[in-house]
Amino acid sequence: MISGVPTIFGTALAVSALVAPASADIISDRQADMKAMAAAAKTMAEMFRNPDTYSSMPFAAAAGAIAERSGEVLAGHFADGIEDARSEAKPDIARERDRFDRLAEDLRTYARALGAAAKANPGAMTERMRMQPGEPMGGGPLGTHVANASSLSSLPAEHLFHLMLQTCTTCHARFRMER
């Protein structure tokens, strides 16, 4: 930790407030949060690619960075500014607000489950954290949804990670403009 701020590999991890930003530039705020979530996901992806690099504290911090920026925080980032020329958000967000908000909450649920998996596996990355060949999978492209949040603890962390990424992909495919 650097001055009480969680770190990932020695780099301070910015932590956003758990409320929608009061900034006059919501576009910049949400883009910064999206970049922070992408960086956190890359941190976890690298640990799955190379399990010898797994460390529970940076893994949990990465999951926490996503959890803190998703849910109602993410939904709040898209309450205004959709029509702004700098925005990559489709106007469909306003028309499909419930779906967008559910995806934002699903993202937070998966990130929290990944944080719990890190706490449950403080040593090396275990086989229990990895997906196994032939393991049944839920979700799918454009169809992810948390069926039962309490059952997520029975899934391997790698599966949770893929479901989280599918949630990002689903949201971007539905609500992000191609530039």
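Refer to the preceding data block for the structure.
Residues numbered from 1 in each chain as written. Predicted model: local features only at pLDDT ≥ 70, side-chain atom pairs only at ≥ 80, totals over all residues. Heavy atoms only, no water.

## So, the packing of helix α1 (residues 26–49) against helix α6 (residues 157–175)
A packed helix pair is summarised by two numbers, namely the angle formed by the two axes and the spacing between the axes. Test applied: Interaxial angles span 0 to 180 degrees and are taken between N-to-C directions of axes, which are lines fitted to C-alpha atoms, for helices over the stretch in contact. In this text, helices come from DSSP runs of H or I with a minimum length of four residues, and strands from runs of E with a minimum of two, each type numbered from the N-terminal end. By convention, the crossing between two helices is left-handed when the near helix turns anticlockwise from the far helix through less than a right angle, and right-handed when the turn is clockwise. Only heavy atoms matter for contacts: two residues are in contact if any of them lie within 4.5 Å across the pair.
Running from N to C, α1 and α6 point in directions that differ by 140 degrees, and their axes come no closer than 11 Å. Helix-helix and strand crossings are classified by hand; for α1 and α6 the assignment is left-handed. The segment α1 lies against α6, with Ala41, Met44, Ala45 and Phe48 engaging Ala157, Glu158, Phe161, Met164 and Leu165.

## Section: the side chain of serine 87
Heads up, the condition is: Remark: exposure states derive from per-residue accessible area (1.4 Å probe, protein chains only) relative to the maximum for the residue type, with buried under 20%, exposed over 50%, and partly exposed in between. In protein, a polar contact requires one atom able to donate a hydrogen and another able to accept it; more generally it is a pair of N or O atoms within 3.5 Å, and residues adjacent in sequence count only if both atoms are side-chain atoms.
Examined against the element boundaries, serine 87 turns out to sit in the loop between α3 (72–77) and α4 (92–95). Relative accessible area serves as the criterion here: at 1%, serine 87 is assigned to the buried category. A polar atom in the side chain of serine 87 sits 2.6 Å from the side chain of arginine 30. In this view, serine 87 contacts Ile27, Arg30, Gly81, Ile82, Met177 and Arg179; residues no more than four positions away in its chain are not counted.

## Some words on the packing of aromatic side chains
Test applied: Any pair of Phe, Tyr and Trp rings, taking the six-membered ring for Trp, is counted once the centres come within 6.5 Å. Such a pair is stacked with planes under 30 degrees apart, edge-to-face with planes over 60 apart, and tilted for the rest.
Going through the model one piece at a time under the given rule, you end up with 5 aromatic pairs. A ring pair is formed by phenylalanine 78 and phenylalanine 100, whose centres lie 5.1 Å apart and whose planes are at 65 degrees; its orientation type is edge-to-face. Linking phenylalanine 78 in the loop between α3 and α4 with phenylalanine 100 in helix α5 (residues 97–120), this pair joins segments that are 22 residues apart in sequence. Here phenylalanine 100 and phenylalanine 175 contribute two aromatic rings whose centre-to-centre distance is 5.4 Å and whose plane-to-plane angle is 85 degrees, an arrangement assigned as edge-to-face. One end of the pair, phenylalanine 100, is in helix α5; the other, phenylalanine 175, is in helix α6, with 75 residues separating them in the sequence. As far as burial versus exposure is concerned, phenylalanine 100 and phenylalanine 175 are alike and both buried. Members of the aromatic cluster, each reached through a chain of ring pairs, are Phe48, Tyr54, Phe59 and Phe161.

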